[in-house]
Amino acid sequence: MKKIIAFLTIFLMTACFAHAGEKFYRIDTNPIYKSGLTEFYRVRTKIDNKNYKYGIADAKNNIILPVEYGFIWPNNGNGVVVDAYDYKNKKHNYGYFSLKERRFLLPCEYEDISCGHVALAACMVKKDGKYGYVSFEGEELIPMKYKSKEVYRYNMFGYNYKADKQNYIVAEDFNNKKCIYTIYSDNKDKKKSAKLTDCIYDEIEQIYSSRFAFKKGENKGEISFYTYLDKNGSKQFIPYEYDTITPFNNNGVYMVEKDGKKGIYSASLGEHNFGSEIIVPIEYNSLEHAGWGLYKFCKEGKCGAYDKKTQRFIELKYKNIIAVNDSKIQLITDKTKRVVSRYTFGEKVDNFKKGFFMILLSPLFIFDNFDS
């Protein structure tokens, strides 16, 4: 039985078919595309002692893509990258052919092309020595003006720290400066892009997920990208730059520091979404996790706190604040000590948002609509 199967395999690989008087051979044992009863295979014909031309045929050897291309690379089971190689001038011209739609989504006019397996379902293309990205509909996502690109995936370490499931593209211009883009799907599953930084950095390196380290001259720092949905369900990207970003734990709360001052950034506020999610301004001398989801911030000898568990804030007027347990906190002044309920003491987020503290927060709220 094994000998019969081996014979059939060799026969199919070497069998000669004819189309319009031209002989061609199937080179795939398994179909490069399969949908129901439809199967497509790559085929080729010899043009001289060294070279071949390639095309695509169905299981009945009907030609789907003419046998006239330099080579064909299957891509993600839905399409192929096609090289319309010019044998006379020895020049490669790449395009993208959809097997599902049976048509070219991108014409064979690029020096390099890579589709599907990077930057979501967009294609990295190169033309006249410059890189860019286009959608399968041919819409420009990233201008074709960069000399190099690197693609970073959100799950490079297998987890995402509650950050966005995005793909990030670091592009380098011809002045050797780098910037960051992202390509994503909007609420209608249409490919969109956002330029998250200007091309001003000398070096950019992914730390994890949507967090990057950068170098600009002699200065070093970090930059993080998070998203939220606006009232129309459109995704918004908000970049932040800090000198340091320190995760307190795995619950999405970070201590951020800039110019020697500290604040709190929260990557997840549940039903409460402040957009930028800088929930404690970057203006405090010290900031620490006081336990049980309570975060204490202090300056000029006075302390306040943000309670992530109950979504409440405690005013900046205490000598010390301590989380006693899951339901109680201790407030300490120069003269008194008292224990209060975490669920009733302090201002709720919604009320706090309307109070004096929001005057400090308002300059930090940046809303850039990349979908408009």
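**Student:** Describe the sheet that holds strand S14 (residues 140-146), listing the residues and the values that go with them.
**Tutor:** Strand order in this open sheet of four strands is S11-S12-S13-S14, and the pairing throughout is antiparallel. The strands lining the two open edges of the sheet, one partner per strand, are strand S11 (112-115) and S14. Here the strands of the sheet are splayed against their neighbours by 15° on average, with no regard to which way each runs. Strand direction decides the pairing type here: strand S12 (residues 123-127) and strand S13 (residues 130-134), joined by five bridges, are antiparallel.

**Student:** Give me the environment of Lys149: which residues, what numbers.
**Tutor:** Relative to the helices and strands, Lys149 is located in strand S15 (residues 148-153). Lys149 sits in the partly exposed class, given a relative accessible area of 31%. A C-alpha to C-alpha distance of 9.6 Å links Lys149 and Ile180, two positions 31 residues apart in sequence. Apart from residues no more than four positions distant in its own chain, Lys149 is found in contact with Met124, Tyr131, Tyr133, Ile169, Val170 and Ala171.

**Student:** Summarise the state of the cysteines; cite the residues concerned and give the values.
**Tutor:** According to the stated counting rule, one finds three disulfides in the structure shown. What pairs with Cys179 in a disulfide is Cys199, and their sulfur atoms sit 2.2 Å apart. Of the two residues, Cys179 is situated in strand S17 (residues 178-185) and Cys199 in the loop between strand S18 (191-195) and strand S19 (203-208); the sequence distance between them amounts to 20 residues. On the basis of relative accessibility, which here comes to 17%, the residue Cys199 falls in the buried class. Two residues share a disulfide in this structure: Cys298 and Cys303, whose sulfurs sit 2.0 Å from each other. On the S-S bond that ties Cys298 to Cys303, the torsion sits near 105°, and the link is right-handed. Pair check on accessibility: Cys298 and Cys303 agree, each one buried. Take the cysteines of the protein chain that form disulfides and number them in order along the sequence; they join up as 1-2, 3-4, 5-6.

Analysis parameters
Residues numbered from 1 in each chain as written. Predicted model: local features only at pLDDT ≥ 70, side-chain atom pairs only at ≥ 80, totals over all residues. Heavy atoms only, no water. Pairing = 2+ DSSP bridges. Helix = DSSP H or I, 4+ residues; strand = E, 2+ residues; numbered from the N terminus. Axes fitted to C-alpha atoms, helices over the stretch in contact; angles between N-to-C directions. Buried < 20%, exposed > 50% of the residue type's maximum accessible area, 1.4 Å probe, protein only. Contact = heavy atoms within 4.5 Å. Disulfide = S-S within 2.5 Å.

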